[in-house]
Every structure is written in structure tokens, then in C-alpha cells.
Amino acid sequence: MTDASTSGEMSPGLAKVVERARREPEGRFHSLAHLIDVPALERAYHRMRKDAAVGVDGVTKEQYGQGLEENLRDLHERLKSKSYRHQPIRRVHIPKDKGRTRPIGVSAFEDKVVQDAVREVLEAIYEQDFLDCSYGFRPGCSAHDALRALDRAVHRGEVGWILEADIQSFFDSVDRKALMEMLQTRVADGSLLRLVGKCLHVGVLDGAEYTEPEEGTAQGWVLSPLLGSVYLHYALDVWFEREVKPRMRGRAILIRYADDFLMGFEHEDDARRVKAVLGKRMERFGLTLHPDKTRLLDFRRPPRSQQHGKGPATFDFLGFTLYMQRSRSGRWGMRCKTRSVRLRRTIQSVAEWCRSHRHLPVRKQHAALKRRLVGHFNYFGVSGNSRSMQLLVAETRKVWLKWLRRRSNRSRLSWERYEALLARYPLPSPRITVRIWG
């Protein structure tokens, strides 16, 4: 639950919550708010990123930490006396594909601390409840684990049909009343529930415009990933495990990472039956499936007579495009490449960075580009994805040269001089960091 590297071992109180949650899967917790004490707030403080965007208060982690003990004790007193008030969140818009943006909510620093302390308590309970199909933002789980689970099911022949689904604006569509009712199945502590409510019912400052949304939990909040997983645990995961799978003629799986999920079926008729009712199930919880991004795909292995090429269907999941391909040994299996939209966006981001930082010393530019590429490799460095990563490095070499040449009109950087510069400041080579495919 708690990151031991930053916050020490789990507190005895939280350990008891974990033990009871495991022992009593239907039990309700009446006394939890007292666990959000000064040590819990301090653990939350140390988990905050130093370079995180600031909220409406403009306070950074470093500034808050200058009087840390006094600040945390004052915050704890306000929480105890119920005089704590969550400040409005600052909304920023992150570019997506096709000119669209993703709205992100940035809380004030102190509010981030409170949210993370609440998350720690709730996570102690719900980590014992979440099903194995859920991978998003969970301790010890990753997107790569979700891909491995899908690959295992495909390899064993359990998946011949993929139901690809997309929930429109999930975090903005969460029904807060339904979410609070879900929390009450395990949490009976009114003080903690009121604190969650304060985090949910907060104003939004978007530029000069102030609004108070009645639905949703903003992306970017520390608490949002856990609340979103609780919501889909009841709305989707439990329904699929207890009601859908027992009615299937063949095998079926659900793999979910936060609000991204897909379903796999052994038989086409099972897949079509679930597709017919999935939208209605989501509507019960105020959620809408994207009509163009929710589709059924034939993901069966091609016939033996097909000696080369790829399978008939491809689909996107967790930043990758997945498809069937025959290996050199003659075996058909699932493979991947970086999703073209994601790769294009990364290349554009690198180009923009080179443009806006072209006057920095070459040494600093190189260090920053190296960090970006290594960070990309750490996620997309999946076996079989070398070509996409090679393209990124090649494009980075081109755009870096382009903007280095524009540093000054006095001399033009020749290709030979650039090659010498790259020999001194080499860009990292693509590397496979994660093995997924069987």
C-alpha cells in the first residue's frame, strides 16, 4: 500500500485494516478517520513530487516543507475540527491527438497531501477487494502486467474475439452519489466519507472561469485513480466476474487498466451477447461507450495455410497497437508496436522541446533529450517493438540538428560536425526493457 522507500513501513493501524479487510470481505469499517494523523500526513508529503504543477495557491513542495512540522500539525487540527476546506482546483489542458486536449485538475499542495492520506486509508481496504483483472495504479501492478495477462490468454487459446471498449470522458462522468454509495458498502466512518465528499465537491478554476461541476472526479487528482477503480470495480469488474462469465458458453476474460479495458472471448456468440448489453450496463452508472471506438474484433489465429504477414485485426490498448503475427519459427502470436498517434505525439513533443530550448548549452540539451528517450524506452521498450523506437531516435537526431543549426546565422552546422557532436554526446540506442510475449 504505502511506498516504503519514501514513507517507512505501514503504520500498525493500517496493517490492522488490511488484515481485517482480508478476513472480512463483507465487513464495514466504522473507525478510519483517526488513521489520518500527523505521521500519515507526513508520509503523504514525502510521496509528493518535487516538480509537480502548483495549484491555485502557488505553493510548491519545497515551500510547504520549510515549516513542515508546523504546517502538518495545523492541517491535522483543521481536519479534526472539521474546519478544513479544499481549495478550488486549477484546470489545465494537455494536448491530445487531432487537436483535442485532455483536461487535468491541479490541486493546491496541501489538498494533495490530504487526498493522498485519504487514498492510503482507502487503498488498505480496497486492495483486498479489487479483482485480478484490475491493473491500473495498483501497488505491484503495471500496464505491462495487463499486456502479459492478455498474451497468456491468447497463447492458451482462450481468446479468439476481442471486445474493444472506450468510455467517453470517464472521470468527468462519474456519478458522485453512486460513488459515495459504493464506498459505504465498506466504509461506515462518516468523518472519512465527509472528507472524501469535500475532495469531490470542489470548484474548478479554468483560466478566469469558475465552475462547480456536479458530476465527476477530475483527472490529475491524487485520489481520482483509486476512486475511479472503486467505481469500475462495482460497475464493471464484479458484474463481469459474477454475472457475465457464468453465463458464457466458453472462456472469457476482462482486463482493465484504470478506465481502459477490453474483454476477450473464446466464442463469437458470447462476445456478441456481451456487446449487446455492455452499453446498457454502463448507462446504469452514468457512463457512455464511444460508438466508434467500441467494436468486436476477430482475433483468432490465422489458418496454417497463411504462411506470412499479420492477422486480420489490430486494436489499440495502453499506448500500443496489438496484432497477430507469425514468428520465424512458424508460430502465430500476439505482437505490438507503439501506437502511431502516440509515436507521432512524442516526436512532435521532442521537436517542440528542441525548438524552445535550442539556446541552452549542448551538454544540457543532450542530458534532457537522453532522459526523454530513456523514459520512453522504459515503457515502450517491449520485445518486438524495436522498429518504433528506432524511428523515434532517428527523428530525434533530425530535429536536434534542425534546431542546433538555427542557434546562429553566423555558421551552419554541417552534417560532419554534427556527427562529431553525436560522437561526443551520443543519443541512447533503442533497448528492450520489458519482455511480455510468450
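Each remark here, short or long, concerns the structure printed above.
Everything numeric here is computed off the predicted structure, so don't read it as measured data.

### Here's the deal with the overall build of the protein chain
Stage number 1. Secondary structure assignment for the protein chain yields 16 helices and eleven strands.
Stage number 2. The C-alpha atoms of the protein chain give a radius of gyration of 24 Å, which matches the 22 Å a tight globule of 438 residues would have.
Stage number 3. Taken along its principal axes, the extent of the C-alpha atoms in the protein chain is 70 × 65 × 40 Å.
Stage number 4. Each of the 438 residues in the protein chain was classed as buried or not, and the buried ones make up 48%.
Stage number 5. Contacts in the protein chain between residues far apart in sequence, at least 24 positions, make up 69% of those at least 6 positions apart.
Stage number 6. A total accessible area of about 22,300 Å² is found for the protein chain, and carbon and sulfur atoms account for 47% of it.

### Points about the packing of aromatic side chains
Stage number 1. For the structure on display, the rule yields 15 aromatic pairs.
Stage number 2. Put simply, the rings of Phe170, Phe171, Tyr231 and Phe285 pair up and form one aromatic cluster.
Stage number 3. In this arrangement the basic side chain of Lys61 is found over the ring face of Tyr45, its NZ or CZ atom lying 5.1 Å from the centre.

### A closer look at the packing of helix α3 (residues 38-47) against helix α6 (residues 109-126)
Stage number 1. Where α3 contacts α6, the two axes come as close as 8 Å, and the packing angle between them is 115°. By the angle class used here, α3 and α6 are roughly perpendicular. The two elements α3 and α6 cross, and the hand of that crossing is right-handed. Only Phe109, Val113, Asp116, Ala117, Arg119 and Glu120 of α6 make contact with α3, whose side of the interface consists of Ala40, Leu41, Arg43, Ala44, Tyr45 and Arg47.
Stage number 2. A per-class count over the contact of α3 with α6 returns seven nonpolar, no polar and five charged.

### A word on the sheet that holds strand β9 (residues 310-317)
Think of a sheet as strands paired side by side through backbone hydrogen bonds, with each pair either parallel or antiparallel.
Stage number 1. Judged by pairing direction, the sheet is antiparallel, and its three strands sit side by side in the order β9-β10-β11 without closing on themselves. Both outer strands of the open sheet, β9 and β11 (332-338), are each paired with one neighbouring strand and no more. The average angle at which neighbouring strand axes cross in this sheet is 25°, direction not considered.
Stage number 2. Examined bridge by bridge, strand β10 (residues 320-326) and β11 share seven bridges and lie antiparallel to one another. Across the sheet, the residue bridging to Phe320 is Thr338, located in β11.

### Here we look at the environment of Ile167
Stage number 1. Here Ile167 is to be found in the loop between β3 (161-166) and α8 (170-173).
Stage number 2. Under the relative-accessibility criterion, Ile167 is labelled buried at 5%.
Stage number 3. When the C-alpha positions of Ile167 and Cys141 are compared, they lie 22 Å apart, and in sequence the two are 26 residues distant.
Stage number 4. With sequence-adjacent residues up to four places away left out, Ile167 is seen in contact with Leu232, Asp259, Phe261, Met282, Leu287, Thr288 and Leu289.

### Notes on helix α15 (residues 386-405)
Stage number 1. Look at α15: 29 Å from first C-alpha to last across 20 residues, which is about the 28 Å you get at 1.5 Å a residue.
Stage number 2. At its buried positions, α15 is contacted by β11, α13 (340-356), α14 (362-380) and α16 (415-424).

Cut-off values and rules
- Residues numbered from 1 in each chain as written.
- Predicted model: local features only at pLDDT ≥ 70, side-chain atom pairs only at ≥ 80, totals over all residues.
- Heavy atoms only, no water.
- Helix = DSSP H or I, 4+ residues; strand = E, 2+ residues; numbered from the N terminus.
- Rg over C-alpha atoms; globule rule 2.2 N^0.38 Å.
- Buried < 20%, exposed > 50% of the residue type's maximum accessible area, 1.4 Å probe, protein only.
- Contact = heavy atoms within 4.5 Å.
- Areas by Shrake-Rupley, 256 points an atom, 1.4 Å probe, with all protein chains shown as cover.
- Phe/Tyr/Trp six-rings, centres within 6.5 Å; stacked < 30°, edge-to-face > 60°.
- Lys NZ or Arg CZ within 6 Å of the ring centre and 35° of its normal.
- Axes fitted to C-alpha atoms, helices over the stretch in contact; angles between N-to-C directions.
- Parallel < 35°, antiparallel > 145°, perpendicular 65-115°, else oblique.
- Left-handed = near helix turned anticlockwise from the far one by under 90°.
- Nonpolar A, V, L, I, M, F, W, Y, C, P; charged D, E, K, R; others polar.
- Pairing = 2+ DSSP bridges.
- Expected span 1.5 Å × (residues − 1).

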